[in-house]
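Fold and contact review
Each chain is listed here by its residues.
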Amino acid sequence: VADLRLRLAGWSPRLVLGDVALVCPQSGEDLLRLRALELDLDPLASMRLARPQLRALTLVGARFAVHRALDGRMSLVGLGSLLTDDPRALQLFLRQGRLNLTDSEIIYLDDALDGAVIRLAEVRLRLHNDGLVHQLDLLARPVPAGSLPAGARPPDARLRVLADLRGDASDLRGWEGDSYLS
């Protein structure tokens, strides 16, 4: 962490950590580097529970590789040594929490599509979880596979996904709802 700032976001305190790197404890290699990590704190819930409670977590300038296995399981490539094996951590977040990605990039690897690789740039993702309700808003620019001819500009296409989903955080495969893709 290069710098640390505290400011207000509306009526809530926001802790901003600048130039953040999550490092593999064994190798010292960067597993995730962010321009900033923003933590929106919930002061009333924090006082009531006597420990910090987050309203939202925003990753700025993240670059993720997401892998979808043949059985449908999803994982973040390269973060295995930092993630817990305890499914309750994901369930806790998916019951109540907001995750935002801003100015980020996602590389999507899908084994069910013969290892197809999809690269999304300029990603803005909002995931709002409230009990059994999960709302997703994704806006990104797909980047064509392969190289472009010299001087060529990639298409200015935009991908938009909106989803209103319902389901228990402990059973992601049981989620259902409506989605919109453009």
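These figures come from a predicted structure and were not determined experimentally.

1. Re the pairing of strand β5 (residues 63-68)
Pairing of β5 with strand β6 (residues 74-76) involves 3 bridges; the strand directions are antiparallel. From the neighbouring strand, Val 66 faces β6, where its bridge partner is Leu 76. What sits between the antiparallel neighbours β5 and β6 is a turn of 5 residues, in which Gly 72 has the positive phi angle 95 degrees.

2. Some words on the pattern of salt bridges
According to the stated counting rule, one finds 15 salt bridges in the structure shown. Asp 3 is paired through a salt bridge with Arg 5; the nearest N and O atoms lie 2.4 Å apart. One salt bridge connects Arg 35 with Asp 103, and the closest N-O pair in it is separated by 2.3 Å. Of this pair, Arg 35 sits in strand β3 (residues 30-41) while Asp 103 sits in strand β7 (residues 96-110), placing them 68 residues apart in sequence. By relative accessible area, which is 43% here, Asp 103 ends up partly exposed. A single salt-bridge network, built from bridges that share partners, covers Arg 7, Arg 14, Glu 38 and Asp 40.

3. Some details on the environment of Glu 176
With respect to the helices, strands and loops of the structure, Glu 176 is situated in strand β11 (residues 176-181). Residue Glu 176 is classed as exposed on the basis of its relative accessible area of 56%. Note: C-alpha distance between Glu 176 and Leu 165 (11 residues apart in sequence) is 5.5 Å.

4. Things to note about the side chain of Asp 42
Turning to its location among the elements, Asp 42 is positioned in the loop between β3 and α1 (43-49). Residues within four places of Asp 42 in sequence aside, it is in contact with Gln 53 and Arg 55.

5. Re the pairing of β11
By the criterion of burial, β11 is predominantly exposed, with just 0 of the 6 residues buried. Bridging between strand β10 (residues 159-166) and β11 involves 6 bridges; their strand directions are antiparallel. Bridge pairing in β11 places Leu 165 opposite Gly 177.

Calculation criteria
Residues numbered from 1 in each chain as written. Predicted model: local features only at pLDDT ≥ 70, side-chain atom pairs only at ≥ 80, totals over all residues. Heavy atoms only, no water. Pairing = 2+ DSSP bridges. Helix = DSSP H or I, 4+ residues; strand = E, 2+ residues; numbered from the N terminus. Salt bridge = Lys/Arg side-chain N within 4 Å of Asp/Glu carboxyl O. Buried < 20%, exposed > 50% of the residue type's maximum accessible area, 1.4 Å probe, protein only. Contact = heavy atoms within 4.5 Å.

Such coordinate-based values are descriptive only and should not be taken to indicate function.
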